[in-house]
Amino acid sequence: MATVGRTCCHFAKRLQLNSTSPQSIIKRWSNTVPQRLVERQRESSLSSAHIKKEDVDKSVKVPKDFTAMYPEFLPNRFEGWITDNLRDALERKDMLNRRRQIHLPEFYVGSLIAVSAADHFAPNKTNRFVGICIDRFGQGLNHCFILRNVIDGQGVEIKYFLYNPTIQKIEVLKLEKRADEHLRYLRDAPQEYSTVSFDLKATLLPRGQPVPVNNIKITLNPKPWLEKWERQELNGAEFTVNLSAKQQKKFDVSQIQPRIDKFDLMKKHRTSVSKRERESISREMYKSNTMED
Amino acid sequence: MHIISSRLVGELVHPNTARCIQCTIHRNFSTTKTLSELRKLSTVKIVDNSLIGKKASESGKKVKILQVYTRNQVARVGDKVLLSIQKERKKAYIVGCVQKPKAMQPRFDSNNAVLIDETGAPIGTRIRVPLPSHLRGVSGDFTKILSIATKFV
């Protein structure tokens, strides 16, 4: 025992001092929870058996695609971030407060949007930008969207925070969806696909009609590209037209490596929001009158 | 996920350092996005209607940055640079960047520059592309450049 005490770490030394027999060590440092503690937990008011399930108000009928209309209400499940339900709830409250001040319409990737924001340096103190929404990302108050346009042959993009208080007005000029989650490949496409006139007038959809999906196929410019579009499973982009024979060979379906993270079940579990949680959040947000415009 | 082929990189990982050694030889090979920073020897596009700028775009020769007059050696909107254009050395202001800006500020598809002479006045008489609106708030003498601009975004 003396040799162990000299060579071993602090933890072993502590054991050696307090213990009298090897049996007491096993009792004290075992991994099992004693029965009396389990009983106490069962009887306490904090246990799961005592928590009442919340009453679901079935009179409120939430539309099915509510979370697709307002994706920023869902909690943050980005990989590598800590989930914080309290923070998400507080942010939802702030978002509703902002929505009482300004009308933030529903829009999708692919819709044409005009944003007018406060600009300290402009002569009218406002700056209006029109463009096609190419990306939406972020949750809660950090939700962003990117508008893209081509002005005088120069491609321009601006990223806006949706809940930025300097935004004065958001107009949806054309409500439309695309087949893809993002349209970042418009940076590598001909300019005609991302040009939007600043004088465009808004066209309204009739009430109750579903949002139309634009199934346009865009042929990309020849390589080099900014990202590897061929690996991203895009429905609205044509890759193989403007390529040489050698480059086309690489585009065989058999040669493209499959995305492995698609089969990662644990990643899917970590990054997705459960159906029950999604329903409770959408019911909570839909109840407030500001949603029904 | 990027899978590095064994043909490109001979020995993948060094046993001791756990770092890819062969990758340092293949400098064009990278698994991450480019930062698209404007440093020395990066190319820019002249957007004013000066003669020398027109000649450079017609000849197809690259206009490169020789010196960046900032502390961190990276040029952004409103910074002064030294260019080599048509075998001459000219100073210019950067008026548009590909590099990711702050929110509410425009990101351009090309790196734009406006040529200036020794007194700081622009050589051309017109700028054909839109300029970022926050250039009006950047410290420096831009009044002559702003006066020849056509549009702001």
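What you see is a predicted model; the values in this text were computed from it and never measured. (Residues numbered from 1 in each chain as written. Chains lettered and ligands numbered in written order. Predicted model: local features only at pLDDT ≥ 70, side-chain atom pairs only at ≥ 80, totals over all residues. Heavy atoms only, no water.)

Novice: Even after reading the chapter, I still don't get the overall build of chain B, so can you show me in this structure?
Specialist: Of the regular secondary structure elements, chain B holds two helices and six strands. Overall, chain B shows an N-to-C arrangement of helices and strands of β-α-β-β-β-β-β-α. For chain B, restricting intrachain contacts to residue pairs at least 6 apart in sequence, the fraction spanning at least 24 positions comes to 42%. Per element, the accessible surface of chain B, about 9,500 Å² overall, is 50% carbon and sulfur. (Helix = DSSP H or I, 4+ residues; strand = E, 2+ residues; numbered from the N terminus. Contact = heavy atoms within 4.5 Å. Areas by Shrake-Rupley, 256 points an atom, 1.4 Å probe, with all protein chains shown as cover.)

Novice: Sorry if this is basic, but what is going on with helix H1 (residues 51-59) of chain B here?
Specialist: Two residues of an α-helix separated by three or four positions point the same way, owing to the 3.6 residues in each turn. All names here are of chain B. Taken residue by residue, H1 has Ile52, Gly53 and Ala56 as its buried positions. The buried residues of H1 occupy an angular sector of 100 degrees when projected down its axis, which confines them to one face. For H1, the exposed residues lying more than 90 degrees away from the buried face are Leu51 and Glu58. Turning to H1, the residues buried within the fold contact strand S1 (43-46), strand S2 (63-68), strand S3 (80-85), strand S4 (88-96) and strand S6 (112-116). In the segment just after H1, Gly60 is the residue with positive phi, at about 85 degrees. (Buried < 20%, exposed > 50% of the residue type's maximum accessible area, 1.4 Å probe, protein only. Arc of directions from axis to C-beta.)

Novice: Looking at this structure, how should I read the interface of chain A and chain B?
Specialist: How big an interface is tends to be stated in terms of the accessible area lost upon association of its parts. Each partner contributes residues to the interface: chain A has 27 residues there, and chain B has 23 residues. A buried area of about 2,000 Å², summed over both sides, lies between chain A and chain B, and 55% of it is on carbon and sulfur atoms. For chain A, the biggest contributors to the area lost against chain B are Phe121, Asp152 and Gln154 of chain A; these three give 28% of the whole. At the junction of chain A with chain B, the criterion picks out three salt bridges. In this structure, Glu157 of chain A and Arg107 of chain B form a salt bridge, with 3.4 Å as the shortest nitrogen-oxygen distance. Looking at the side of chain A that touches chain B, the elements with two or more residues in it are strand S2 (126-137), strand S3 (144-151) and strand S4 (154-161) of chain A. Broken down by element, the residue count for the side of chain A that touches chain B peaks at eight residues, all from S4 of chain A. The residue makeup of the side of chain A that touches chain B, split by class, is 12 nonpolar, six polar and nine charged. (Buried area = accessible area lost by both parts, 1.4 Å probe. Salt bridge = Lys/Arg side-chain N within 4 Å of Asp/Glu carboxyl O. Nonpolar A, V, L, I, M, F, W, Y, C, P; charged D, E, K, R; others polar.)

Novice: Even after reading the chapter, I still don't get the pattern of salt bridges, so can you show me in this structure?
Specialist: As enumerated under the stated definition, the model contains 19 salt bridges over all chains in all. Arg136 of chain A is the salt-bridge partner of Glu72 of chain A, the closest N and O atoms lying 3.6 Å from each other. Of the two residues, Glu72 of chain A is situated in the loop between helix H5 (66-69) and helix H6 (85-101) and Arg136 of chain A in strand S2; the sequence distance between them amounts to 64 residues. Accessibility expressed as a relative area gives 1% for Glu72 of chain A, which makes it buried. The exposure class assigned to Arg136 of chain A is buried, which follows from its relative accessible area of 16%. What you see here is one network of salt bridges that share partners, running through Arg148, Glu157 and Arg187 of chain A together with Arg107 and Asp109 of chain B.

Novice: Could you clarify how one ought to interpret the pairing of S1 of chain B in this entry?
Specialist: Consecutive side chains along a regular strand alternate between the two faces of the sheet. All names here are of chain B. Alternating positions in S1 separate cleanly, Val44 and Ile46 being buried on one face and Thr43 and Lys45 remaining unburied on the opposite face. Sheet topology places S1 next to S2; two bridges connect them, and they run antiparallel. What sits directly across from Thr43, in S2, is Lys64. When S1 meets S6, the two strands line up parallel, connected through two bridges. Bridged to Ile46 within S6 is Ala113. (Pairing = 2+ DSSP bridges.)

Novice: Please clarify how the nonpolar core should be interpreted in this entry.
Specialist: Looking at soluble globular proteins, one finds that nonpolar side chains tend to be buried together. Ranked by internal contacts, the top residues of the largest apolar core, which has 32 residues, are Val44, Val81, Leu83, Ile94, Ile127, Leu131 and Ile145 of chain B. Of all elements in the fold, only S1, H1, S2, S3, S4, S6 and helix H2 (143-147) of chain B reach the threshold of two or more residues within this core. (Core = buried A, V, L, I, M, F, W, Y, C linked by side-chain atoms within 4.5 Å.)

Novice: Just checking my understanding: could you explain the sheet that holds strand S1 (residues 112-118) of chain A for this structure?
Specialist: Paired through backbone hydrogen bonds, the strands of a sheet run either parallel or antiparallel to each other. Pairing is antiparallel across the open sheet formed by six strands, whose spatial order is S5(A)-S1(A)-S2(A)-S3(A)-S4(A)-S5(B). This sheet does not close on itself; its edge strands, each paired only once, are strand S5 (167-174) of chain A together with strand S5 (106-108) of chain B. Within this sheet the neighbouring strands show an average axis-to-axis angle of 35 degrees, counted without direction. Here seven bridges tie S1 of chain A to S2 of chain A, and the two strands are oriented antiparallel to one another. Bridge pairing in S2 of chain A links Ala118 of chain A to Thr126 of chain A. (Axes fitted to C-alpha atoms, helices over the stretch in contact; angles between N-to-C directions.)

Novice: Explain the pairing of S4 of chain B here, please?
Specialist: Residue and element names in this part refer to chain B. In the sheet, S3 pairs with S4 via six bridges, with the strands oriented antiparallel. Opposite Ser84, over in S4, you have Arg89 as the bridge partner. Linking two consecutive strands that pair antiparallel, namely S3 and S4, is a turn of two residues; a positive phi of about 50 degrees is found at Gln86 within it. Here S4 runs beside S6; their pairing, made up of five bridges, is antiparallel. Directly across from Ala92, in S6, lies its bridge partner Leu115.

Novice: I would appreciate a short explanation of the packing of aromatic side chains in the present structure.
Specialist: The description of an aromatic ring pair rests on the distance of the ring centres and on the angle between the ring planes. Summed over the entire model, instances satisfying the criterion amount to 10 aromatic pairs over all chains. A centroid spacing of 6.1 Å and a plane angle of 80 degrees characterise the contact between Phe129 of chain A and Phe198 of chain A, whose relative ring orientation is edge-to-face. Note that Phe129 of chain A is positioned in strand S2 and Phe198 of chain A in the loop between strand S6 (177-178) and strand S7 (213-214), a separation of 69 residues in sequence. Under the relative-accessibility criterion, Phe129 of chain A is labelled buried at 2%. Accessibility expressed as a relative area gives 32% for Phe198 of chain A, which makes it partly exposed. Taking 4.8 Å as the distance between ring centres and 55 degrees as the angle between the ring planes, the aromatic pair formed by Tyr93 of chain B and Phe142 of chain B counts as tilted. Within this pair, whereas Tyr93 of chain B is found in strand S4, its partner Phe142 of chain B is found in the loop between S6 and H2, the two being separated by 49 residues in sequence. (Phe/Tyr/Trp six-rings, centres within 6.5 Å; stacked < 30°, edge-to-face > 60°.)

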